[in-house]
Amino acid sequence: MNAISKRGLLKAGGAMMVAFSIGLRPKGAAAWTEKPVAGDEVAAFLSIDAQGGVTVYIGKVDLGTGIRTGFMQIAAEELDVPMARIRVVEGDTALTPDQGPTYGSLSIQNGGVALRAAAATARRELLNMAAERLGTPAAQLSVADGVVSGGGRSVSYADLVGGRAFTMKVDTNAPIKAPGARRIVGQSVARVDIPDKVFGRFEYVHDFKRPGMLHGRPVRPPAMGATAQSVDESSIRGIPGVVRVVHQGAFVGVVAETEWAAIRAARDLKVTWSNWAGLPDQARIWEHVRATPVAQVQVTSDRGNPAAAIQGATRRVSGTYDFAIHTHGSMGPSCAVAEFGADGKLTTWSASQATHNLRKQLAMMLGMPVEQVRCVYLEGAGCYGRNGHEDAAADAALLARAVGRPVRVQWMRADEHVWDPKGPPHLVDLRAGLDAQGNIVGWEADAFIPKGAGGNVDLTAAELGGLPRENQIHPGNIIHNLALPYAFPAIKTTCHRLDTTPFRPSWIRTPGRMQNTYANEAFLDECAAAANADPVEYRLRVMPADDPRGREVLERVARLANWQTRPSPQQDRSGEILRGRGVTFVKYELVRTYVAAVAEVEVNRRTGAIRVTRFFCTHDCGQMINPDAVKAQVEGNIIHTLSRTLKEELTFDRSTVTSRDWGSYQVITFPEVPEMVIELIDRPAERPWGAGEPAAAIVPSAVTNAIFDATGVRLRSVPFTTQKMRAALQGA
Amino acid sequence: MTETVAMTVNGRAVTITVDDPQMPLLYALRNDVGVTGPHYGCGLGQCGACTVHVNGESVRSCQVPVADAAGKRIVTLEGLGTPERPHALQAAFIAEQAVQCGYCANGMIMESAALLAKTPRPTEAQVKEALANNICRCGTHPRVVAAVLRAAQG
């Protein structure tokens, strides 16, 4: 039976139409023509074809968030063309500008704003051209559906520029639509990808095929630092369709004619691995973290003399908060297709959130000029940070080079759980001093977290194969939000950047910002309790007077949750089920999106079972392009982070990860998802900020604060499992 | 070594040739029949992304040897409905915008379709229980529940 379905052909045709419309029909994997991709060129972002169809080229990719629809709204709004006439090309190193990785809640804030400026520049240019053509001043022209009209005459965008590239620079001061004139931006437009996804017609990277494509699977070491001493190819001789075993150092992979043969071959291949037991003892992970050499000390806030203030305070409070190692746990294991053309050029298709960076990494690993590599984004399963897609692309590239044919690699579930880069362990010590009125007079925080920022996470294949790589760790920008948005008279927050961390680290949704917010906002709650103060009132006491938007989200969440003003914990702890509520606030990275939350929980005093029953959230990310899409992100942040807060924890022995599937790494289930009440604050006249991460930051602290309110017991170690809760209640 | 397996996929008779009858149905559907609605998620029957209907029952196609599908009626997401004639669940998932990445949506819809076939008017708790073994990482859960209840009322 022909493996290429009719749907596949239609899809391939559709993909080709995009390229064809701009004269860039790719004739094979490697035959491509560069178009302008410099971020200051309008042509890098936009083209208009002879039929008036608009193509948006964007470096930020849709990781399942719906951002594609948002980009279409922005372009449609500024150009006055219907959304149906817009196509979007994302994350293709030959076609789209390098706008950095799709991370950090920056896709609208940076990527969308850049697109808006390009579209506004294009519109002004088109109006000037039309003015000349129609003999009517630009100011007297109007645009509807891509047709410029004035003085009784009209001309279409297609007639003005159809098929020719824009040649001007982006003017970031080009006038954009005023809030009152917007018709598409600010509306909850239905996402363009959802119909195909619910009818089984969407082409994920997992569904992508190339002519002559083979299937590959990596065979990873059973101990993470082991090397392959010998490979017995005869062990898989009985499997029909095996094409090649590839072995280089600790990199081992198989290639076969069919996917099932590749899976069987990877499963059955006998490899003699060396012993390795270089991981720390999980039971003593925090001792290990404290004993890790510090590479760099970063002070992120420093005002007054907090040490002296705490020393002289009426009351002193201290606490240590830890947050477990997490996997991304992608629903769809990482997948990529790699193909070398006859001219030696490499093309990869993957769900990489950073194709421009992946291109450089693959070139480095393979010893190729970067110009010889093209990386194309295709959507995968939801991605909340740098997971395994880049690594799958590297696996596929090594295997494709070995066999000289296109190779598709999809990881198995255990490959994903064991080998994706991990959210590193995060430890924060806190100390505060209170005066006689309970006010904070000094605050000190020390975080023990790996060094590095948001660079390139090394490719596993390069590491295992002993191939060139940067050999640095990059856990993301994990120092933010250890500094606080509050007006304490004396404060010092210090990040002790550790030289190593047990697993290759990367950023998972709200990296560091969430863990730091968790520690700070939970500890602030401890201070409020010590001061016998209401937790909302206590926060408002220290909210800077010049930050009305922060005050507003906090006051609004209190109203939304019908907050009863009183100190925590609640006093009636007689029943078996104890109920409580906790509040939290964040100003993301202290410069953007404001979020406040109230969690309500029930704790079974006997069993320790924790149930989050309701979750209230107020959210101010400035202008919203698509309010329903923002709401979906807030919902996703809350649920994903409740899962991480209550259940998720990587387990490992001295050699490898032992939480290798969804049974040993459990995540939130439908019955555990609370009712959510979300209030979005729209500010159409403000600049748009990000929404993909900030609401995750407030979840763990809201939950532990609510648990404390219910039980009088403070949990300081994520995940807040039933076992930890029961032990804490028994110790109380 | 090879053998042929005949079955009906979305109303169409198909015969595929396999060299291992123990190959899971999922790979036959995706690579031999060419329907990509069902996704590989775990290969362990834990996540639900590969769910299809076999003779009207929802099953995890990663756990069914292709040989066991011989002579059976297989329905995948593609066969449930089309844009022109959507299943009530497909229409409801669009109306509720109950998808983020959508990798799990196949399982959510196919499992819910099996639920509604037996329990046309489920309670919210019944919906959550029916989907308790379907994993979603994006956090679409409340929209999925709303979509299933909407479809049930339609």
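Values in this document were obtained by computation on a predicted structure and should not be read as measured data.

*Asks:* Describe the overall build of chain A, naming the residues involved and giving the relevant values.
*Replies:* Within chain A one finds 20 helices and 25 strands. By its C-alpha atoms, chain A is 80 × 75 × 45 Å across when sized along the principal axes. Across the 732 residues of chain A, 57% fall into the buried class. Put simply, of all contacts in chain A between residues at least 6 apart along the chain, 78% involve residues at least 24 apart.

*Asks:* So what about helix H11 (residues 389-403) of chain A? Which residues, and what values?
*Replies:* Residue and element names in this part refer to chain A. Taking 1.5 Å per residue, 15 residues should reach 21 Å; H11 reaches 21 Å between its end C-alpha atoms and fits that length. Along H11, twelve of the 15 residues are buried, which leaves the element largely enclosed by surrounding structure. When H11 is considered as a whole, its buried residues turn out to be His389, Glu390, Asp391, Ala392, Ala393, Ala394, Asp395, Ala396, Ala397, Leu398, Leu399 and Ala400. Trailing H11 by a residue or two, glycine 404 shows a phi angle of about 70°, which is positive.

*Asks:* Tell me what's going on with the sheet that holds strand S22 (residues 594-604) of chain A, and back it up with residues and numbers.
*Replies:* Residues and elements named next belong to chain A. Read across the sheet, four strands follow the order S21-S22-S23-S24 without closing on themselves; strand pairing throughout is mixed. Of all strands in the sheet, those bounded by a partner on one side alone are strand S21 (577-587) and strand S24 (675-680). Neighbour-to-neighbour, the strand axes of this sheet turn through a mean angle of 10°, independent of strand direction. Sheet analysis places S22 next to strand S23 (residues 610-620), joined by ten bridges and oriented antiparallel. Paired with alanine 597 across the bridge in S23 is cysteine 617. Lying on the sheet, helix H17 (residues 627-646) is in contact with S23 and S24; it crosses S24 at an angle near 135°.

*Asks:* Break down the interface of chain A and chain B for me, with residues and values.
*Replies:* Residue-level contacts link 49 residues of chain A with 51 residues of chain B. Per-element tally for the side of chain A that touches chain B: the top contributor is H17(A), with seven residues. Classifying every residue of the side of chain A that touches chain B by side-chain character gives 25 nonpolar, 16 polar and eight charged.

*Asks:* Can you explain the packing of helix H3 (residues 67-79) of chain A against helix H4 (residues 107-134) of chain A? Please cite residues and give values.
*Replies:* All names here are of chain A. Taken N-terminus to C-terminus, the directions of H3 and H4 make an angle of 25°; their axes are 8 Å apart at the nearest point. The pairing of H3 with H4 is recorded here as roughly parallel in orientation. In terms of crossing hand, the pair formed by H3 and H4 is right-handed. For the pair formed by H3 and H4, the contact residues are Ile67, Gly70, Phe71, Ile74, Ala75, Glu78 and Leu79 on the first element and Ser107, Ile108, Gly112, Leu115, Arg116, Ala119, Ala120, Ala122 and Arg123 on the second. Residues belonging to the contact of H3 with H4 are distributed by class as follows: ten nonpolar, three polar and three charged.

*Asks:* Account for the domain arrangement of chain B, with residues named and values stated.
*Replies:* All names here are of chain B. Its domain assignment divides chain B into domain 1 (3-79) and domain 2 (81-153). Relative placement of domain 1 and domain 2: their C-alpha centres are 21 Å apart. Residue-level contacts link 13 residues of domain 1 with twelve residues of domain 2. At three residues, the largest contribution of residues to the side of domain 1 that touches domain 2 is made by strand S3 (residues 51-54). Here the side of domain 1 that touches domain 2 is built from residues that sort into five nonpolar, seven polar and one charged.

*Asks:* Account for helix H6 (residues 141-153) of chain B, naming residues and giving values.
*Replies:* Its 13 residues give H6(B) an end-to-end C-alpha distance of 19 Å, which sits within 8% of 18 Å, the value for a rise of 1.5 Å per residue. For H6(B), every residue scored as buried is listed here: His141(B), Arg143(B), Val144(B), Val145(B), Ala147(B), Val148(B), Ala151(B) and Ala152(B). Elements in contact with the buried residues of H6(B): H17 of chain A together with helix H3 (88-95), helix H4 (105-118) and helix H5 (124-130) of chain B.

*Asks:* Got a sec to walk through the sheet that holds strand S4 (residues 142-144) of chain A? Specific residues and values, please.
*Replies:* One key point about sheets: their strands pair by backbone hydrogen bonds, in either a parallel or an antiparallel sense. Residues and elements named next belong to chain A. With antiparallel pairing, three strands are arranged side by side in an open sheet as S4-S5-S6. Strand pairing shows two members of the sheet lacking a second neighbour, S4 and strand S6 (153-156), which therefore form its edges. Taken pair by pair, the neighbouring strands of this sheet meet at an average axis angle of 25°, ignoring direction. For strand S5 (residues 147-150) and S6, the ladder comprises four bridges, and the chain directions are antiparallel. Each bridged residue has a counterpart across the sheet, and for glycine 150 the counterpart in S6 is arginine 153.

*Asks:* So what's going on with the packing of helix H10 (residues 355-366) of chain A against H11(A)? Which residues, and what values?
*Replies:* All names here are of chain A. Running from N to C, H10 and H11 point in directions that differ by 40°, and their axes come no closer than 11 Å. Viewed along their axes, H10 and H11 adopt a mutual orientation that is oblique. Seen along the crossing, H10 lies across H11 with a hand that is right-handed. Within the contact between the two elements, H10 uses Leu358, Gln361, Leu362, Met365 and Leu366 and H11 uses Glu390, Ala393, Ala394, Ala397 and Arg401. A breakdown of the residues in the contact of H10 with H11 according to their chemical character gives seven nonpolar, one polar and two charged.

*Asks:* Explain unusual backbone geometry to me, and be specific about the residues and the numbers.
*Replies:* All names here are of chain A. For the bond from serine 568 to proline 569, the omega torsion is 0°, close enough to zero to count as cis. The step from valine 718 to proline 719 runs through a cis peptide bond, and the omega angle for that step is 10°. Along the chain, proline 719 falls in the loop between strand S25 (717-718) and helix H20 (722-731). The phi dihedral of aspartate 80 is positive, around 55°, even though this residue is not glycine. When you line up the elements, aspartate 80 lands in the loop between H3 and strand S3 (86-90). Residue class for aspartate 80 comes out buried when judged on the 20 C-beta atoms lying within 10 Å of it. For asparagine 532, which is not glycine, the phi torsion reads 55° and is therefore positive. With respect to the element layout, asparagine 532 can be found in the loop between helix H14 (513-530) and helix H15 (535-542). Judged by C-beta crowding, with 11 C-beta atoms within 10 Å, asparagine 532 ranks as exposed.

*Asks:* Explain the domain arrangement of chain A residue by residue, including any values.
*Replies:* Residue and element names in this part refer to chain A. Here chain A is partitioned into domain 1 (34-190), domain 2 (205-275 + 329-419) and domain 3 (284-325 + 423-731). The centre of domain 1, based on its C-alpha atoms, is set 37 Å off from the matching centre of domain 2. With 14 residues of domain 1 in contact, the opposing surface of domain 2 contributes 14 residues. Among the residues forming the side of domain 1 that touches domain 2, the class breakdown is five nonpolar, five polar and four charged.

*Asks:* Provide a residue-level description of the pairing of S21(A), including the pertinent values.
*Replies:* Residue and element names in this part refer to chain A. With nine of eleven residues buried, S21 lies mostly within the body of the structure. By the bridge criterion, eleven bridges tie S21 to S22 in an arrangement that is antiparallel. Bridge assignment links valine 586 to a residue of S22, and that residue is valine 595. As consecutive antiparallel partners, S21 and S22 are separated by six residues, and within that stretch glutamate 589 has a phi angle of approximately 55°, a positive value.

Conventions and cut-offs
- Residues numbered from 1 in each chain as written.
- Chains lettered and ligands numbered in written order.
- Predicted model: local features only at pLDDT ≥ 70, side-chain atom pairs only at ≥ 80, totals over all residues.
- Helix = DSSP H or I, 4+ residues; strand = E, 2+ residues; numbered from the N terminus.
- Buried ≥ 20, exposed ≤ 12 C-beta atoms within 10 Å, placed from the backbone.
- Contact = placed C-beta atoms within 7 Å.
- Expected span 1.5 Å × (residues − 1).
- Pairing = 2+ DSSP bridges.
- Axes fitted to C-alpha atoms, helices over the stretch in contact; angles between N-to-C directions.
- Nonpolar A, V, L, I, M, F, W, Y, C, P; charged D, E, K, R; others polar.
- Parallel < 35°, antiparallel > 145°, perpendicular 65-115°, else oblique.
- Left-handed = near helix turned anticlockwise from the far one by under 90°.
- Domains from an automatic or database assignment.

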